[in-house]
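The chain contents come next:
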Amino acid sequence: MTTTRTPRMDYDEALDRFEPVLGLETHVELGTASKMFCGCPTAFGAPPNTQVCPTCLAFPGSLPVANAKAIESTIRIGLALNCSIAEWCRFARKNYFYPDMPKNYQISQYDEPLCYDGHLDIEVDGKTVRIEIERVHLEEDTGKSTHMGGATGRIHGADYSIVDYNRAGIPLVEIVTKPIPGTDRLAPEVARAYVTELREIMRSLGVSDVRMEEGSLRCDVNVSLMPRGSSEWGTRTETKNVNSLRSVERAVRSEIERQAAILAEGGRIVQETRHFHEDTGTTTSGRSKEEAQDYRYFPEPDLLPIAPDPAWVAELKATLPELPSVRRKRLQAEWGLSDKDMEAMHNADAIDLVEATVAAGAPAADARKWWMGELARRANESGTALAGLPITPAQIARVTELVASGELNDKLAREVLEGVLAGEGSPDEVVEKRGLKIVNDEGELSAIVDQVIADNADAADKVRSGKIAAAGALVGGVMRASRGKADAARARAMILEKLGASE
Ligand SMILES: [Zn+2]
(Lines give C-alpha, C1' and ligand atoms only; values in the text may rest on other atoms or scores of the structure.)
Protein backbone atom coordinates (compact mmCIF):
# COMPACT_ATOMS: atom_id res chain seq x y z
CA MET A 1 0.00 0.00 0.00
CA THR A 2 1.36 3.42 -0.88
CA THR A 3 0.56 6.47 1.15
CA THR A 4 0.88 10.03 -0.02
CA ARG A 5 2.13 12.42 2.59
CA THR A 6 -0.68 14.53 3.97
CA PRO A 7 0.07 18.25 3.81
CA ARG A 8 -0.35 19.97 7.18
CA MET A 9 -0.30 23.56 8.32
CA ASP A 10 1.28 24.60 11.60
CA TYR A 11 -1.50 24.75 14.22
CA ASP A 12 -0.97 28.41 15.17
CA GLU A 13 -0.90 29.52 11.55
CA ALA A 14 -4.03 27.47 10.81
CA LEU A 15 -5.83 29.27 13.65
CA ASP A 16 -4.58 32.65 12.46
CA ARG A 17 -6.33 32.02 9.15
CA PHE A 18 -9.32 29.82 9.99
CA GLU A 19 -11.97 29.32 12.66
CA PRO A 20 -12.91 25.75 13.59
CA VAL A 21 -16.48 24.54 14.13
CA LEU A 22 -16.82 21.32 16.11
CA GLY A 23 -19.52 18.72 16.44
CA LEU A 24 -19.37 15.69 18.71
CA GLU A 25 -21.39 12.49 18.53
CA THR A 26 -20.78 10.26 21.49
CA HIS A 27 -21.96 6.66 21.79
CA VAL A 28 -22.37 5.21 25.25
CA GLU A 29 -23.06 1.51 25.77
CA LEU A 30 -25.52 1.22 28.63
CA GLY A 31 -24.66 -1.14 31.45
CA THR A 32 -28.00 -2.95 31.47
CA ALA A 33 -27.99 -6.64 32.42
CA SER A 34 -29.65 -7.64 29.13
CA LYS A 35 -29.62 -6.39 25.55
CA MET A 36 -31.88 -3.72 24.07
CA PHE A 37 -34.47 -5.94 22.39
CA CYS A 38 -33.88 -9.46 23.79
CA GLY A 39 -32.85 -11.15 27.05
CA CYS A 40 -29.23 -11.93 26.11
CA PRO A 41 -26.57 -10.97 28.69
CA THR A 42 -24.21 -8.07 27.95
CA ALA A 43 -21.03 -8.89 29.89
CA PHE A 44 -17.82 -7.82 28.12
CA GLY A 45 -15.20 -10.37 27.13
CA ALA A 46 -17.31 -13.56 26.79
CA PRO A 47 -16.23 -16.10 24.10
CA PRO A 48 -17.44 -14.98 20.65
CA ASN A 49 -21.07 -15.64 19.72
CA THR A 50 -22.06 -17.07 23.11
CA GLN A 51 -24.39 -14.19 24.06
CA VAL A 52 -26.80 -14.40 21.15
CA CYS A 53 -30.35 -15.56 20.44
CA PRO A 54 -32.79 -15.64 17.49
CA THR A 55 -33.82 -12.01 18.10
CA CYS A 56 -30.37 -10.38 18.16
CA LEU A 57 -29.28 -12.67 15.29
CA ALA A 58 -32.40 -11.54 13.39
CA PHE A 59 -33.84 -14.97 12.65
CA PRO A 60 -37.07 -14.73 10.64
CA GLY A 61 -40.13 -14.45 12.84
CA SER A 62 -38.28 -13.18 15.93
CA LEU A 63 -39.65 -9.96 17.42
CA PRO A 64 -37.95 -7.29 19.54
CA VAL A 65 -39.19 -6.10 22.95
CA ALA A 66 -37.75 -2.81 24.27
CA ASN A 67 -35.66 -2.88 27.45
CA ALA A 68 -37.43 -0.65 30.02
CA LYS A 69 -34.26 -0.06 32.03
CA ALA A 70 -32.47 1.24 28.90
CA ILE A 71 -35.30 3.70 28.28
CA GLU A 72 -35.10 4.86 31.90
CA SER A 73 -31.31 5.28 31.69
CA THR A 74 -31.61 7.30 28.47
CA ILE A 75 -34.18 9.62 30.03
CA ARG A 76 -31.91 10.10 33.06
CA ILE A 77 -29.00 10.97 30.74
CA GLY A 78 -31.26 13.44 28.89
CA LEU A 79 -32.33 15.06 32.17
CA ALA A 80 -28.72 15.35 33.36
CA LEU A 81 -27.97 17.14 30.07
CA ASN A 82 -30.86 19.58 30.59
CA CYS A 83 -32.88 18.09 27.71
CA SER A 84 -36.61 18.10 27.08
CA ILE A 85 -38.05 14.58 27.18
CA ALA A 86 -40.41 13.51 24.39
CA GLU A 87 -43.88 12.64 25.58
CA TRP A 88 -44.27 10.30 22.62
CA CYS A 89 -41.65 9.01 20.20
CA ARG A 90 -40.86 6.04 18.03
CA PHE A 91 -37.96 3.84 17.10
CA ALA A 92 -36.92 3.92 13.44
CA ARG A 93 -35.23 1.50 11.08
CA LYS A 94 -31.91 2.74 9.72
CA ASN A 95 -31.26 0.63 6.64
CA TYR A 96 -27.74 -0.19 5.61
CA PHE A 97 -25.70 -3.27 4.95
CA TYR A 98 -22.85 -4.11 7.22
CA PRO A 99 -21.66 -7.67 7.91
CA ASP A 100 -21.65 -7.16 11.68
CA MET A 101 -25.30 -6.08 11.67
CA PRO A 102 -27.39 -9.23 11.32
CA LYS A 103 -30.72 -7.56 10.51
CA ASN A 104 -29.29 -5.43 7.70
CA TYR A 105 -30.87 -2.54 9.49
CA GLN A 106 -30.28 -0.98 12.87
CA ILE A 107 -33.12 -0.08 15.20
CA SER A 108 -32.41 3.52 16.07
CA GLN A 109 -34.33 6.78 16.40
CA TYR A 110 -34.59 9.34 13.64
CA ASP A 111 -36.76 12.45 13.74
CA GLU A 112 -38.33 11.58 17.11
CA PRO A 113 -35.47 11.31 19.62
CA LEU A 114 -36.33 10.48 23.22
CA CYS A 115 -34.46 13.58 24.53
CA TYR A 116 -33.71 16.85 22.72
CA ASP A 117 -32.58 20.47 23.10
CA GLY A 118 -30.28 20.29 26.11
CA HIS A 119 -26.95 21.76 27.09
CA LEU A 120 -23.84 21.00 29.09
CA ASP A 121 -21.56 23.65 30.58
CA ILE A 122 -17.87 22.81 30.76
CA GLU A 123 -14.89 24.68 32.16
CA VAL A 124 -11.88 25.19 29.92
CA ASP A 125 -8.96 27.44 30.76
CA GLY A 126 -10.98 29.23 33.44
CA LYS A 127 -13.90 29.92 31.08
CA THR A 128 -17.34 28.36 30.97
CA VAL A 129 -18.23 27.00 27.53
CA ARG A 130 -21.84 26.00 26.88
CA ILE A 131 -22.20 22.97 24.59
CA GLU A 132 -25.69 22.79 23.10
CA ILE A 133 -27.07 19.25 22.91
CA GLU A 134 -29.23 18.55 19.87
CA ARG A 135 -30.49 15.12 20.83
CA VAL A 136 -30.02 12.02 22.96
CA HIS A 137 -31.46 8.92 21.38
CA LEU A 138 -31.52 5.19 21.93
CA GLU A 139 -30.37 2.53 19.48
CA GLU A 140 -28.69 -0.86 19.40
CA ASP A 141 -25.02 -1.63 18.94
CA THR A 142 -23.67 -3.72 16.07
CA GLY A 143 -21.52 -6.84 16.30
CA LYS A 144 -17.78 -6.66 15.95
CA SER A 145 -15.78 -7.63 12.85
CA THR A 146 -12.15 -8.65 13.07
CA HIS A 147 -10.11 -8.64 9.89
CA MET A 148 -7.48 -11.37 9.82
CA GLY A 149 -4.21 -11.82 7.97
CA GLY A 150 -3.50 -8.22 6.98
CA ALA A 151 -0.83 -5.94 8.35
CA THR A 152 -3.13 -3.14 9.49
CA GLY A 153 -6.10 -4.97 11.03
CA ARG A 154 -8.33 -3.13 8.55
CA ILE A 155 -10.42 -4.81 5.89
CA HIS A 156 -8.12 -3.70 3.08
CA GLY A 157 -5.40 -6.30 2.71
CA ALA A 158 -7.05 -8.82 5.04
CA ASP A 159 -7.32 -12.49 4.00
CA TYR A 160 -10.67 -13.03 5.71
CA SER A 161 -12.90 -11.53 8.40
CA ILE A 162 -14.65 -13.04 11.39
CA VAL A 163 -17.59 -11.58 13.25
CA ASP A 164 -18.72 -11.73 16.89
CA TYR A 165 -22.39 -10.91 17.52
CA ASN A 166 -22.13 -10.70 21.33
CA ARG A 167 -22.22 -6.92 21.06
CA ALA A 168 -25.08 -6.87 18.54
CA GLY A 169 -28.14 -5.47 20.26
CA ILE A 170 -26.46 -3.96 23.32
CA PRO A 171 -28.30 -0.72 24.13
CA LEU A 172 -26.44 2.28 22.83
CA VAL A 173 -27.20 5.90 23.61
CA GLU A 174 -26.10 8.48 21.08
CA ILE A 175 -25.54 12.02 22.31
CA VAL A 176 -25.27 14.57 19.51
CA THR A 177 -24.18 18.18 20.00
CA LYS A 178 -25.30 21.07 17.88
CA PRO A 179 -22.43 22.65 15.90
CA ILE A 180 -19.98 24.27 18.33
CA PRO A 181 -18.51 27.50 16.90
CA GLY A 182 -16.35 30.01 18.76
CA THR A 183 -13.95 27.65 20.50
CA ASP A 184 -11.06 29.10 18.49
CA ARG A 185 -7.62 27.93 19.64
CA LEU A 186 -9.13 25.92 22.46
CA ALA A 187 -11.10 23.63 20.10
CA PRO A 188 -9.06 20.49 20.92
CA GLU A 189 -9.28 21.18 24.67
CA VAL A 190 -13.01 21.92 24.48
CA ALA A 191 -13.65 18.62 22.70
CA ARG A 192 -11.67 16.75 25.31
CA ALA A 193 -13.28 18.56 28.26
CA TYR A 194 -16.76 17.86 26.87
CA VAL A 195 -16.14 14.11 26.53
CA THR A 196 -14.49 14.06 29.97
CA GLU A 197 -17.53 15.73 31.52
CA LEU A 198 -19.93 13.37 29.71
CA ARG A 199 -17.96 10.42 31.01
CA GLU A 200 -18.18 11.71 34.57
CA ILE A 201 -21.91 12.30 34.23
CA MET A 202 -22.45 8.73 32.99
CA ARG A 203 -20.41 7.47 35.92
CA SER A 204 -22.35 9.51 38.46
CA LEU A 205 -25.64 8.28 36.95
CA GLY A 206 -24.37 4.70 37.10
CA VAL A 207 -25.73 3.99 33.59
CA SER A 208 -22.49 2.79 31.95
CA ASP A 209 -18.99 1.73 32.93
CA VAL A 210 -17.77 4.25 30.28
CA ARG A 211 -14.55 2.34 29.61
CA MET A 212 -13.21 4.00 26.48
CA GLU A 213 -10.58 1.29 26.03
CA GLU A 214 -13.35 -1.35 25.87
CA GLY A 215 -15.43 0.77 23.55
CA SER A 216 -18.29 1.42 25.96
CA LEU A 217 -17.81 5.14 25.31
CA ARG A 218 -16.64 6.23 21.87
CA CYS A 219 -16.74 9.49 20.08
CA ASP A 220 -17.13 10.70 16.49
CA VAL A 221 -15.40 14.03 16.08
CA ASN A 222 -16.71 16.46 13.44
CA VAL A 223 -14.48 19.32 12.40
CA SER A 224 -14.86 22.01 9.75
CA LEU A 225 -13.00 25.25 9.13
CA MET A 226 -14.11 28.60 7.83
CA PRO A 227 -11.87 31.49 6.86
CA ARG A 228 -11.58 34.15 9.59
CA GLY A 229 -14.30 36.74 9.17
CA SER A 230 -16.53 34.38 7.18
CA SER A 231 -19.88 33.29 8.58
CA GLU A 232 -20.37 30.40 6.18
CA TRP A 233 -19.43 27.07 7.68
CA GLY A 234 -17.07 24.83 5.77
CA THR A 235 -17.47 21.18 4.80
CA ARG A 236 -16.97 18.91 7.77
CA THR A 237 -15.26 15.57 8.19
CA GLU A 238 -16.24 12.99 10.76
CA THR A 239 -13.45 11.08 12.50
CA LYS A 240 -15.04 7.85 13.74
CA ASN A 241 -14.78 5.92 16.97
CA VAL A 242 -12.07 7.87 18.71
CA ASN A 243 -11.55 5.91 21.88
CA SER A 244 -9.48 7.87 24.34
CA LEU A 245 -9.72 11.39 25.75
CA ARG A 246 -6.25 12.21 24.52
CA SER A 247 -7.14 10.98 21.04
CA VAL A 248 -10.24 13.22 20.95
CA GLU A 249 -7.98 16.21 21.51
CA ARG A 250 -5.38 15.03 18.99
CA ALA A 251 -7.97 14.17 16.34
CA VAL A 252 -9.37 17.72 16.43
CA ARG A 253 -5.90 19.23 16.22
CA SER A 254 -4.87 16.94 13.39
CA GLU A 255 -7.98 17.68 11.32
CA ILE A 256 -7.52 21.44 11.80
CA GLU A 257 -3.92 21.21 10.56
CA ARG A 258 -4.86 18.99 7.59
CA GLN A 259 -7.94 20.92 6.46
CA ALA A 260 -6.14 24.27 6.78
CA ALA A 261 -3.35 23.07 4.47
CA ILE A 262 -5.87 21.92 1.84
CA LEU A 263 -7.98 25.08 2.01
CA ALA A 264 -4.92 27.35 1.92
CA GLU A 265 -3.89 25.74 -1.38
CA GLY A 266 -7.35 26.36 -2.81
CA GLY A 267 -8.39 22.74 -2.32
CA ARG A 268 -11.76 21.38 -1.29
CA ILE A 269 -12.61 19.38 1.84
CA VAL A 270 -14.41 16.13 1.03
CA GLN A 271 -17.35 15.27 3.28
CA GLU A 272 -16.26 11.86 4.52
CA THR A 273 -15.62 9.72 7.54
CA ARG A 274 -12.03 9.40 8.65
CA HIS A 275 -10.05 7.09 10.92
CA PHE A 276 -7.79 8.26 13.71
CA HIS A 277 -4.42 6.55 14.15
CA GLU A 278 -3.04 6.45 17.68
CA ASP A 279 0.54 5.89 16.53
CA THR A 280 0.85 8.93 14.25
CA GLY A 281 -1.84 11.15 15.80
CA THR A 282 -3.30 11.72 12.32
CA THR A 283 -6.45 10.75 10.42
CA THR A 284 -6.86 8.97 7.10
CA SER A 285 -9.78 8.84 4.73
CA GLY A 286 -12.55 6.28 5.35
CA ARG A 287 -15.67 6.30 3.23
CA SER A 288 -17.61 9.19 1.79
CA LYS A 289 -20.34 10.11 4.21
CA GLU A 290 -23.92 9.01 3.63
CA GLU A 291 -26.68 11.54 3.74
CA ALA A 292 -29.68 10.80 5.95
CA GLN A 293 -31.82 9.88 2.93
CA ASP A 294 -29.39 7.08 2.05
CA TYR A 295 -30.56 5.21 5.14
CA ARG A 296 -34.24 5.13 4.10
CA TYR A 297 -35.44 5.60 7.67
CA PHE A 298 -39.00 4.58 8.51
CA PRO A 299 -40.80 4.01 11.80
CA GLU A 300 -40.02 0.58 13.28
CA PRO A 301 -43.21 -1.46 12.80
CA ASP A 302 -42.27 -4.20 15.29
CA LEU A 303 -42.12 -1.91 18.35
CA LEU A 304 -44.66 0.22 20.19
CA PRO A 305 -44.03 3.95 20.50
CA ILE A 306 -42.43 5.12 23.74
CA ALA A 307 -44.70 7.38 25.81
CA PRO A 308 -43.07 8.09 29.17
CA ASP A 309 -45.52 9.21 31.86
CA PRO A 310 -44.62 12.86 32.74
CA ALA A 311 -45.04 12.04 36.45
CA TRP A 312 -42.43 9.28 36.11
CA VAL A 313 -40.07 11.63 34.25
CA ALA A 314 -40.52 14.21 37.04
CA GLU A 315 -39.67 11.52 39.57
CA LEU A 316 -36.54 10.54 37.63
CA LYS A 317 -35.52 14.20 37.54
CA ALA A 318 -36.06 14.63 41.28
CA THR A 319 -33.93 11.58 42.05
CA LEU A 320 -30.91 12.39 39.86
CA PRO A 321 -27.68 12.14 41.86
CA GLU A 322 -25.47 15.17 42.52
CA LEU A 323 -23.90 15.89 39.14
CA PRO A 324 -20.10 16.14 38.79
CA SER A 325 -19.98 19.91 38.19
CA VAL A 326 -22.18 20.57 41.24
CA ARG A 327 -20.08 18.21 43.31
CA ARG A 328 -16.87 19.96 42.23
CA LYS A 329 -18.28 23.35 43.24
CA ARG A 330 -19.32 21.96 46.62
CA LEU A 331 -15.91 20.37 47.24
CA GLN A 332 -14.11 23.52 46.10
CA ALA A 333 -16.04 25.53 48.70
CA GLU A 334 -15.47 22.92 51.39
CA TRP A 335 -11.77 22.76 50.64
CA GLY A 336 -11.35 26.50 50.15
CA LEU A 337 -9.50 26.16 46.83
CA SER A 338 -9.17 28.61 43.94
CA ASP A 339 -10.77 27.95 40.53
CA LYS A 340 -7.32 27.35 39.11
CA ASP A 341 -6.37 24.78 41.76
CA MET A 342 -9.67 23.00 41.28
CA GLU A 343 -9.31 22.88 37.50
CA ALA A 344 -5.77 21.53 37.85
CA MET A 345 -7.05 18.81 40.16
CA HIS A 346 -9.87 17.99 37.78
CA ASN A 347 -7.49 17.74 34.83
CA ALA A 348 -5.20 15.50 36.84
CA ASP A 349 -8.14 13.23 37.80
CA ALA A 350 -7.23 13.90 41.43
CA ILE A 351 -10.57 15.00 42.88
CA ASP A 352 -11.82 11.53 43.86
CA LEU A 353 -8.44 10.72 45.39
CA VAL A 354 -8.27 13.94 47.40
CA GLU A 355 -11.86 13.45 48.56
CA ALA A 356 -11.09 9.90 49.72
CA THR A 357 -7.94 11.12 51.48
CA VAL A 358 -9.93 13.82 53.29
CA ALA A 359 -12.55 11.20 54.19
CA ALA A 360 -9.71 9.12 55.70
CA GLY A 361 -8.91 12.01 58.04
CA ALA A 362 -6.39 14.25 56.23
CA PRO A 363 -6.80 18.04 56.04
CA ALA A 364 -7.80 19.03 52.49
CA ALA A 365 -4.75 21.23 51.98
CA ASP A 366 -2.39 18.38 52.88
CA ALA A 367 -4.29 15.85 50.76
CA ARG A 368 -4.10 18.20 47.80
CA LYS A 369 -0.43 18.99 48.41
CA TRP A 370 0.66 15.34 48.30
CA TRP A 371 -1.53 14.22 45.37
CA MET A 372 -0.79 17.27 43.21
CA GLY A 373 2.87 17.51 44.21
CA GLU A 374 5.01 14.52 45.07
CA LEU A 375 2.56 11.86 43.81
CA ALA A 376 1.74 13.67 40.57
CA ARG A 377 5.47 13.93 39.94
CA ARG A 378 5.97 10.22 40.53
CA ALA A 379 2.94 9.28 38.41
CA ASN A 380 4.32 11.42 35.64
CA GLU A 381 7.75 9.81 35.91
CA SER A 382 6.34 6.30 35.72
CA GLY A 383 3.80 7.19 33.02
CA THR A 384 0.80 6.05 35.08
CA ALA A 385 -2.42 7.74 36.13
CA LEU A 386 -2.55 9.03 39.71
CA ALA A 387 -5.20 6.45 40.56
CA GLY A 388 -2.88 3.74 39.24
CA LEU A 389 -0.14 4.46 41.80
CA PRO A 390 0.23 1.61 44.32
CA ILE A 391 -0.75 3.79 47.28
CA THR A 392 -4.15 4.38 48.89
CA PRO A 393 -5.83 7.57 50.11
CA ALA A 394 -5.83 6.05 53.62
CA GLN A 395 -2.05 5.66 53.45
CA ILE A 396 -1.65 9.31 52.40
CA ALA A 397 -3.90 10.30 55.29
CA ARG A 398 -1.66 8.33 57.67
CA VAL A 399 1.44 10.13 56.36
CA THR A 400 -0.20 13.54 56.92
CA GLU A 401 -1.09 12.40 60.44
CA LEU A 402 2.55 11.45 61.13
CA VAL A 403 3.68 14.86 59.88
CA ALA A 404 1.05 16.69 61.96
CA SER A 405 2.09 14.86 65.13
CA GLY A 406 5.71 15.82 64.55
CA GLU A 407 6.87 12.24 64.00
CA LEU A 408 7.86 13.00 60.39
CA ASN A 409 8.93 16.14 58.59
CA ASP A 410 8.23 16.76 54.90
CA LYS A 411 11.50 15.30 53.73
CA LEU A 412 10.99 12.10 55.72
CA ALA A 413 7.37 11.94 54.60
CA ARG A 414 8.54 11.89 51.00
CA GLU A 415 10.82 8.99 51.83
CA VAL A 416 7.90 7.17 53.43
CA LEU A 417 5.83 7.68 50.26
CA GLU A 418 8.72 6.38 48.20
CA GLY A 419 8.85 3.26 50.38
CA VAL A 420 5.10 2.65 50.13
CA LEU A 421 5.23 3.06 46.34
CA ALA A 422 8.15 0.62 46.22
CA GLY A 423 6.00 -2.00 47.93
CA GLU A 424 7.73 -1.88 51.32
CA GLY A 425 4.42 -1.90 53.20
CA SER A 426 2.24 0.59 55.04
CA PRO A 427 3.59 4.03 56.05
CA ASP A 428 4.18 2.79 59.61
CA GLU A 429 6.03 -0.27 58.32
CA VAL A 430 8.23 1.89 56.06
CA VAL A 431 9.02 4.26 58.97
CA GLU A 432 10.01 1.25 61.05
CA LYS A 433 12.04 -0.56 58.37
CA ARG A 434 13.88 2.52 57.13
CA GLY A 435 14.29 4.06 60.60
CA LEU A 436 12.71 7.34 59.50
CA LYS A 437 11.25 8.71 62.73
CA ILE A 438 12.21 12.21 63.70
CA VAL A 439 14.63 12.37 66.65
CA ASN A 440 12.10 13.20 69.34
CA ASP A 441 14.15 11.92 72.22
CA GLU A 442 15.42 15.05 74.01
CA GLY A 443 18.52 13.25 75.27
CA GLU A 444 19.47 12.06 71.80
CA LEU A 445 18.88 15.49 70.25
CA SER A 446 20.80 17.17 73.08
CA ALA A 447 23.81 14.91 72.44
CA ILE A 448 23.78 15.75 68.71
CA VAL A 449 23.51 19.50 69.46
CA ASP A 450 26.46 19.32 71.91
CA GLN A 451 28.58 17.55 69.32
CA VAL A 452 27.71 20.09 66.58
CA ILE A 453 28.51 23.03 68.92
CA ALA A 454 31.86 21.43 69.78
CA ASP A 455 32.67 20.87 66.10
CA ASN A 456 31.75 24.46 65.10
CA ALA A 457 33.36 26.60 67.76
CA ASP A 458 33.48 29.73 65.58
CA ALA A 459 29.78 29.70 64.80
CA ALA A 460 28.98 28.91 68.42
CA ASP A 461 31.04 31.90 69.62
CA LYS A 462 29.22 34.20 67.22
CA VAL A 463 25.86 33.07 68.56
CA ARG A 464 27.10 33.54 72.14
CA SER A 465 28.10 37.10 71.27
CA GLY A 466 24.61 37.82 69.96
CA LYS A 467 24.94 37.08 66.22
CA ILE A 468 21.83 34.94 66.12
CA ALA A 469 22.08 34.53 62.32
CA ALA A 470 25.05 32.23 62.86
CA ALA A 471 22.71 29.69 64.50
CA GLY A 472 21.56 28.66 61.01
CA ALA A 473 24.87 26.92 60.32
CA LEU A 474 24.52 24.98 63.59
CA VAL A 475 20.95 23.92 62.80
CA GLY A 476 22.21 22.75 59.41
CA GLY A 477 24.89 20.75 61.20
CA VAL A 478 22.29 19.10 63.44
CA MET A 479 20.13 18.19 60.43
CA ARG A 480 23.15 16.65 58.69
CA ALA A 481 24.25 14.78 61.77
CA SER A 482 20.76 13.36 62.25
CA ARG A 483 20.40 12.59 58.53
CA GLY A 484 17.38 14.86 58.30
CA LYS A 485 15.56 13.27 61.18
CA ALA A 486 15.81 16.10 63.70
CA ASP A 487 13.02 18.61 64.19
CA ALA A 488 14.74 21.77 62.95
CA ALA A 489 12.70 24.19 65.10
CA ARG A 490 13.34 22.16 68.23
CA ALA A 491 17.06 21.89 67.41
CA ARG A 492 17.29 25.67 66.92
CA ALA A 493 15.63 26.37 70.26
CA MET A 494 17.97 23.97 71.98
CA ILE A 495 21.09 25.52 70.35
CA LEU A 496 20.07 29.04 71.45
CA GLU A 497 19.30 27.83 74.96
CA LYS A 498 22.64 26.04 75.31
CA LEU A 499 24.54 29.11 74.04
CA GLY A 500 22.65 31.52 76.31
CA ALA A 501 21.20 33.43 73.36
CA SER A 502 17.63 34.28 72.48
CA GLU A 503 15.79 35.43 69.32
ZN1 LIG B 1 -30.33 -11.93 21.94
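Residues numbered from 1 in each chain as written. Predicted model: local features only at pLDDT ≥ 70, side-chain atom pairs only at ≥ 80, totals over all residues.

(A) Inspection of the overall build of the chain at higher detail. Across its full length, the chain holds 16 helices and 14 strands. The C-alpha radius of gyration of the chain comes to 30 Å, more than 25% above the 23 Å expected for a compact globule of 503 residues. Expressed along its principal axes, the backbone C-alpha trace of the chain runs to roughly 100 × 55 × 50 Å. For the chain, with 503 residues in total, the buried portion stands at 36%. Counting only contacts in the chain whose residues sit at least 6 apart along the sequence, the fraction spanning at least 24 positions is 68%. (Helix = DSSP H or I, 4+ residues; strand = E, 2+ residues; numbered from the N terminus. Rg over C-alpha atoms; globule rule 2.2 N^0.38 Å. Buried ≥ 20, exposed ≤ 12 C-beta atoms within 10 Å, placed from the backbone. Contact = placed C-beta atoms within 7 Å.)

(B) Here's a closer look at the packing of helix 13 (residues 442-455) against helix 15 (residues 471-481). Here helix 13 crosses helix 15 at 125 degrees, and the two axes come no closer than 9 Å. Judged on the interaxial angle alone, helix 15 and helix 13 are oblique. Helix 15 is crossed by helix 13, and the crossing has right-handed handedness. Between helix 13 and helix 15, the residues in contact are Ile-448, Val-449, Gln-451, Val-452, Ile-453 and Asp-455 and Leu-474, Gly-477, Val-478 and Ala-481, respectively. (Axes fitted to C-alpha atoms, helices over the stretch in contact; angles between N-to-C directions. Parallel < 35°, antiparallel > 145°, perpendicular 65-115°, else oblique. Left-handed = near helix turned anticlockwise from the far one by under 90°.)

(C) Examining the nonpolar core more closely. Ranked by size, the top nonpolar core spans 67 residues in total, and within it Leu-114, Val-136, Ala-191, Tyr-194, Val-221 and Val-252 carry the most contacts. Broken down by element, the residue count for this core peaks at nine residues, all from helix 3 (residues 187-205). Apart from residues lying up to four places away in sequence, Leu-114 is in contact with Thr-74, Ile-75, Gly-78, Ile-85, Ala-86, Cys-89, Gln-109, Val-136, His-137, Leu-138 and Ile-306. Membership of the second largest hydrophobic core comes to 46 residues, among which are Ala-362, Leu-408, Ala-413 and Val-416. (Core = buried A, V, L, I, M, F, W, Y, C linked by C-beta atoms within 7 Å.)

(D) The sheet that holds strand 2 (residues 84-85), seen in detail. Read across the open sheet, the nine strands follow the order 2-5-6-9-1-10-11-12-13; overall the sheet is mixed. Two strands bound the open sheet, and with one partner strand each, they are strand 2 and strand 13 (282-288). Sheet topology places strand 11 (residues 237-242) next to strand 12 (residues 272-277); three bridges connect them, and they run parallel. From the neighbouring strand, Glu-238 faces strand 12, where its bridge partner is Thr-273. (Pairing = 2+ DSSP bridges.)

(E) Structural view of the sheet that holds strand 4 (residues 105-108). Judged by pairing direction, the sheet is antiparallel, and its three strands sit side by side in the order 4-3-14 without closing on themselves. The strands lining the two open edges of the sheet, one partner per strand, are strand 4 and strand 14 (298-299). Pairing geometry for strand 3 (residues 92-95) and strand 14, over two bridges, is antiparallel. Among the inter-strand pairings, Ala-92 is bridged to a residue of strand 14, identified as Pro-299.

(F) The arrangement of the packing of helix 10 (residues 393-404) against helix 11 (residues 410-421) in detail. In contact at an axis separation of 10 Å, helix 10 and helix 11 are set at 155 degrees when each is read in the N-to-C sense. Between helix 10 and helix 11, the interaxial angle falls into the category roughly antiparallel. In terms of crossing hand, the pair formed by helix 10 and helix 11 is right-handed. Seen from helix 10, the contacting residues are Gln-395, Val-399, Leu-402 and Val-403; seen from helix 11, they are Asp-410, Ala-413, Val-416, Leu-417 and Val-420. Of the residues belonging to the contact of helix 10 with helix 11, the class tally is seven nonpolar, one polar and one charged. (Nonpolar A, V, L, I, M, F, W, Y, C, P; charged D, E, K, R; others polar.)

(G) Highlighting helix 15. Where helix 15 is concerned, the buried positions are Ala-471, Leu-474, Val-475, Gly-477 and Val-478. Along the axis of helix 15, the buried residues cluster in a sector spanning 155 degrees; they form a single face. Contacts from the buried residues of helix 15 go to helix 13, helix 14 (457-464) and helix 16 (488-498). Phi turns positive one or two residues past the end of helix 15, at Arg-483, with a value near 50 degrees. (Arc of directions from axis to C-beta.)

(H) Inspection of the pairing of strand 11 at higher detail. Where strand 10 (residues 217-227) lies against strand 11, four bridges are found, and the strand directions are antiparallel. Pairing of Cys-219 across the sheet is with Val-242, part of strand 11. Since strand 11 and strand 12 lie parallel, the crossover through helix 4 (residues 245-264) that links them has a hand, and here it is left-handed. (Right-handed = clockwise from strand over helix to strand, strands pointing away.)

(I) Inspection of helix 12 (residues 427-434) at higher detail. Three or more residues of helix 12 are buried, namely Pro-427, Val-430 and Val-431. Down the axis of helix 12, the sector holding all buried residues measures 100 degrees, keeping them to one side. Tucked inside the fold, the buried residues of helix 12 contact helix 10 and helix 11. Phi turns positive, to about 60 degrees, at Gly-435, one or two residues after helix 12.

(J) Region of interest: unusual backbone geometry. Phi at Asn-104 is positive, roughly 65 degrees, even though this residue is not glycine. Tracing the backbone shows Asn-104 in the loop between strand 3 and strand 4.

(K) Up close: the environment of Leu-303. With respect to the element layout, Leu-303 can be found in the loop between strand 14 and helix 5 (310-318). Sequence-wise, Leu-303 and Pro-64 are 239 residues apart; in three dimensions their C-alpha atoms are separated by 6.9 Å. Ignoring anything within four residues of it in the chain, the contact list for Leu-303 reads Pro-64, Ala-66 and Phe-91.

(L) Quick peek at the environment of Leu-316. Mapped onto the fold, Leu-316 is located in helix 5. Remark: the alpha-carbon pair of Leu-316 and Trp-88, spanning 228 residues in sequence, is separated by 17 Å. Residues in contact with Leu-316, not counting those within four places in the same chain, are Glu-72, Ile-75, Arg-76 and Leu-79.

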